[in-house]
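Residue strings, one per chain:
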Number of protein chains: 2
Amino acid sequence: MELTKSHSDGTVCPVACTASIIGGKWTLLIIRDLASGLKRFHQLERSLSGISPKTLSERLRSLEEEGIISRKMYAEVPPRVEYSLTEKGQDLVAVIECMRSYGKRWLCK
Amino acid sequence: MELTKSHSDGTVCPVACTASIIGGKWTLLIIRDLASGLKRFHQLERSLSGISPKTLSERLRSLEEEGIISRKMYAEVPPRVEYSLTEKGQDLVAVIECMRSYGKRWLCK
DNA sequence: CCGTATCCCGGGAGATACTG
DNA sequence: CAGTATCTCCCGGGATACGG
């Protein structure tokens, strides 16, 4: 979402840090979908209905650079590319489940 | 962040729901700061260094309308207004603590 | 199938000045 | 102190077309 800012004491807030990682509009939903197993580009495009290929591509690239997902490409025709969560990405699933739990209560009430 | 979208089966994803609530740039940090107790407008302005009064005002108003924070105004001069988390807001603290835990691991690594 | 390349747009947020 | 009132800016993201 934005560069993490330091507090006045020079330390960085871990909450803001996490927010800056998953703050993008689609980022969290991508991780949510990868939490249930590896997916191909087109699968994600469908499950995240409404996302444009450009945006999906950008988000995937960022997440890969941050070490949250990994990209496996196969030299086949037609091409096949598979995305999955790294360990760092798996750790985020706890956050997502926490949010899911909150969202459920919100929707049920 | 954005209106929650329905899945193809008509249900709403709780993860997306929560994301839409706390997705704004400053929203999460406001709740983080209120988690440690009630705060006045100017206190928040200082702890969220960099936020403009306009934005803070807007975010506070939204959060109040969503029932996440409550606003108490005192008929004094100079005026005093106190913001605090409602029960619905307190529930979000779990999400924040989850994000804090992840952020810490990220920063320590 | 898996993406880039363009072009375009809206709205969230910044800066600043001002009021009750 | 606790906000509004303007104005402006920027860029994340949408739509679409195309390329390997």
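The structure displayed is predicted, hence computed values, not measured ones.

S.K.: For this particular structure, what's the right way to read the UniProt feature "domain: HTH hxlR-type" (unreviewed entry) in chain A?
M.R.: Mapped onto the present numbering, the UniProt feature "domain: HTH hxlR-type" (unreviewed entry) falls on residues 13–109 of chain A. Helix makes up 61% of residues 13–109 of chain A and strand 14%, whereas the separation of the span's terminal C-alpha atoms amounts to 32 Å.

S.K.: Could you clarify how one ought to interpret the sheet that holds strand S2 (residues 69–74) of chain B in this entry?
M.R.: To summarise the sheet geometry, strands pair through backbone hydrogen bonds and adopt either a parallel or an antiparallel arrangement. All names here are of chain B. Here 3 strands make up an open sheet; going across it, the order is S1-S3-S2 and the pairing antiparallel. Lying at the two open borders of the sheet, with one neighbouring strand each, are strand S1 (39–40) and S2. The pairing of S2 with strand S3 (residues 80–85) spans 6 bridges and is classified as antiparallel. Bridging across to S3, Ser70 finds its partner in Ser84.

S.K.: Would you explain the interface of chain B and chain A in this entry?
M.R.: The parts lose accessible area when they come together, and the size of an interface is often stated as this lost area. In this complex, chain B contributes 40 residues to the contact, which on the side of chain A involves 40 residues. Counting across the chain B and chain A interface gives 2 salt bridges. Ionic pairing is found between B:Arg105 and A:Asp91, a salt bridge with its closest N-O pair at 3.3 Å. At the boundary of chain B with chain A, the tally comes to 8 residue pairs in polar contact (both at pLDDT 80 or more). Take the side of chain B that touches chain A: its biggest share by element is 15 residues, from helix H5 (residues 87–108) of chain B. Residue composition of the side of chain B that touches chain A, grouped by class: 23 nonpolar, 6 polar and 11 charged.

S.K.: What is the right way to look at the protein's contact with DNA strand C in this model?
M.R.: Among the 20 residues in the neighbourhood of DNA strand C, the closest are listed as A:Ser57, A:Arg61, A:Arg71, A:Tyr83 and B:Lys54. In the interface set of DNA strand C, defined as its atoms within 4 Å of the protein, sugar plus phosphate atoms amount to 65%. Residue A:Arg71 places a side-chain N or O atom 2.3 Å away from a phosphate oxygen belonging to DNA strand C. For DNA strand C, a phosphate oxygen lies 3.4 Å from a polar atom in the side chain of B:Thr55. Within the surface near DNA strand C, the residues separate by chemical class into 9 nonpolar, 4 polar and 7 charged.

Reading the values: the criteria
Residues numbered from 1 in each chain as written. Chains lettered and ligands numbered in written order. Predicted model: local features only at pLDDT ≥ 70, side-chain atom pairs only at ≥ 80, totals over all residues. Heavy atoms only, no water. UniProt positions renumbered as here; feature names shortened; annotations may be inferred. Helix = DSSP H or I, 4+ residues; strand = E, 2+ residues; numbered from the N terminus. Pairing = 2+ DSSP bridges. Contact = heavy atoms within 4.5 Å. Salt bridge = Lys/Arg side-chain N within 4 Å of Asp/Glu carboxyl O. Polar contact = N/O pair within 3.5 Å; in protein donor to acceptor, adjacent residues only side chain to side chain. Nonpolar A, V, L, I, M, F, W, Y, C, P; charged D, E, K, R; others polar. Near = heavy atom within 4 Å.

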